[in-house]
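Residue-level structure breakdown
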Amino acid sequence: MDNSNAKRATPVMSRRAREINPFRAMVFGEKADSMIASGISVIKLSLGEPDFGAPPAVRDAMREQYDGRALPYTAAMGLPELRQAIADFYRERHDLDIDPKRICITAGGSAALLLATALTIDPGDDVIVADPSYPCNRELVRSFEGNVIDVPTSAATRFHLNADLCERYWTDRTKAVMITSPSNPTGTTIDFDVLAGVCRLAASRGAWRIVDETYLDLADREPDGSEVRSVLACDPDAIVCNSFSKFFGMTGWRLGWAILPDDAAVLEAVDDLATNYYLCAHTPTQHAALACFTPESLAECEARRQELLARRHIVIDGLKRIGLPVEVEPNGAFYAYFNIERTGLDAWTFCERALEEAHVALTPGRDFGAATADTHVRLSYAASRDALSEGLKRLGRFAETL
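These notes cover the structure that comes with them. On a predicted model such as this, the values are computed, not experimentally measured, just so you know.

Criteria and cut-off values
- Residues numbered from 1 in each chain as written.
- Predicted model: local features only at pLDDT ≥ 70, side-chain atom pairs only at ≥ 80, totals over all residues.
- Heavy atoms only, no water.
- 1 Å grid on protein atoms, 1.4 Å probe; cavity = no way out; pocket = protein on both sides within 12 Å on 5 of 7 lines; lining within 4 Å.
- Points joined across faces, edges and corners; volume = space filled by probe spheres on them.
- Helix = DSSP H or I, 4+ residues; strand = E, 2+ residues; numbered from the N terminus.
- Nonpolar A, V, L, I, M, F, W, Y, C, P; charged D, E, K, R; others polar.
- Core = buried A, V, L, I, M, F, W, Y, C linked by side-chain atoms within 4.5 Å.
- Buried < 20%, exposed > 50% of the residue type's maximum accessible area, 1.4 Å probe, protein only.
- Domains from an automatic or database assignment.
- Pairing = 2+ DSSP bridges.
- Axes fitted to C-alpha atoms, helices over the stretch in contact; angles between N-to-C directions.
- Phe/Tyr/Trp six-rings, centres within 6.5 Å; stacked < 30°, edge-to-face > 60°.
- Lys NZ or Arg CZ within 6 Å of the ring centre and 35° of its normal.

Time to look at empty space enclosed by the protein. Applying the stated criterion across every chain, the model contains 3 cavities of 30 Å³ or more. As for the largest cavity, its lining consists of 13 residues, and the residues nearest its centre are A130, S133, M178, I179 and T180. Of all the elements in the fold, those that place two or more residues in the lining of the largest cavity are β3 (126-131) and β5 (174-180). Here the lining of the largest cavity gets 3 residues from one element, more than from any other, and that element is β5. Its residues placed into classes, the lining of the largest cavity shows 7 nonpolar, 6 polar and no charged. A volume near 70 Å³ is recorded for the second largest cavity. Taken together, S181, T189, I190, F192, L195, V211, E213, L216, V228 and R229 form the lining of the second largest cavity. A class-by-class count of the residues in the lining of the second largest cavity yields 6 nonpolar, 2 polar and 2 charged.

Following this line, the structure appears as structure tokens:
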């Protein structure tokens, strides 16, 4: 019997696929790209994507990888030489002695967060996160049927968790605390003593500490000239997630790493999870990334950090002139999170109109949690100085019409 014309039932997607929230920064970025493709001049300040690209030595190293040589899988935990290079980087930059066996090379920082969540979260577990914070962390927790406990934060805590807030929102099912420092979307670092207090509380109650340090090496130095410290300086058993995307400017290369507790069962489990999820990170990118750690590449990345500081001054001063205050100035990630309440618009409408009328792409607070969903907007100052200056002029003219 020929059933080729018979009506076919549509399979039902999983609940997680039906319920997952979009990453709205990408949505506004796509709208901006569509406008640009139609000939409209749009200033894109919506995505956390440095305009520098990878250091020159890394680009050269990647080209060499495609000379016809074999590019086999690496071990699931990553290329041994790259794991050693990362360990050396932590020793030299952060004065931390990390065994390379604890380092897992991942397919982007997002895969590091995926592994951390898969390792720690069971259905029904509660996970404490700051509100506002990076939205994908919430979706990862929910994908493993965990419950996100959003803790409203404010300028008074630099938009970060502290031990008192965690204590207030703790439940009998709390399994982990997730922290991002420097923060996306606020660009602020958590005070090291505050971070240590959160870790002590969580550890004393048998909860995991998952800390996203993707922007750590972009952070301002401490007043004494030292680098901002990794959580591993106060909590060696924390799970650290990091990426080559920000400090090394390698967003589209999709390479990151996780640093895991020195526990044989944990390391074996992560090896198995990585093997099953993506087998290994992209082999040529792993080899090319070794060039990130040459003196020349590190000097280039440090110069870029200083350039981002200059761009920050342009943005903070520009927003102040417009009358759109940044309540806590960023000192880490390249974001300014500003309050738009005085405009009389909610953040979503503000961003829609800014794109349509001023041709400036921003990200509304709705991406980052309920606490600041309607009141705040994120601006990324990873764009060039010229783009930032022009974008702020356009926003100023737009704000005058409100």
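On to the nonpolar core. Core analysis: the largest hydrophobic core is formed by 95 residues, its most contacted members being F244, F338 and L362. In terms of residue count, helix α12 (residues 347-358) provides more of this core than any other element does, 7 residues in total. Taken domain by domain, the makeup of this core includes at least three residues from each of domain 1 (15-53 + 297-400) and domain 2 (68-294). Counting 28 residues, the second largest nonpolar core, distinct from the first, contains V129, M178, C241 and L267.

Right, let's get into the sheet that holds strand β2 (residues 103-106). Taken in spatial order, the 7 strands of this open sheet run β2-β8-β7-β6-β5-β3-β4, and their pairing is mixed. Lying at the two open borders of the sheet, with one neighbouring strand each, are β2 and β4 (147-152). Going across the sheet, the axis of each strand differs from the next one's by a mean of 20 degrees, ignoring polarity. With 4 bridges joining them, strand β7 (residues 239-243) and strand β8 (residues 256-259) adopt antiparallel strand pairing.

Here the structure, examined in full by the defined rule, presents 19 aromatic pairs. Arranged with centres 6.2 Å apart and planes meeting at 90 degrees, the rings of F89 and Y90 form a pair that is edge-to-face. Neither F89 nor Y90 differs from the other in exposure class; each is buried. Joined through ring pairs, the aromatic side chains of F89, Y90, F244, F247, F248, W257 and F293 make up one cluster. Between the NZ or CZ atom of K31 and the centre of the ring of F28, over which it lies, the distance is 5.1 Å. Lying over the aromatic face of F192, R229 brings its terminal NZ or CZ to 3.8 Å of the ring centre.

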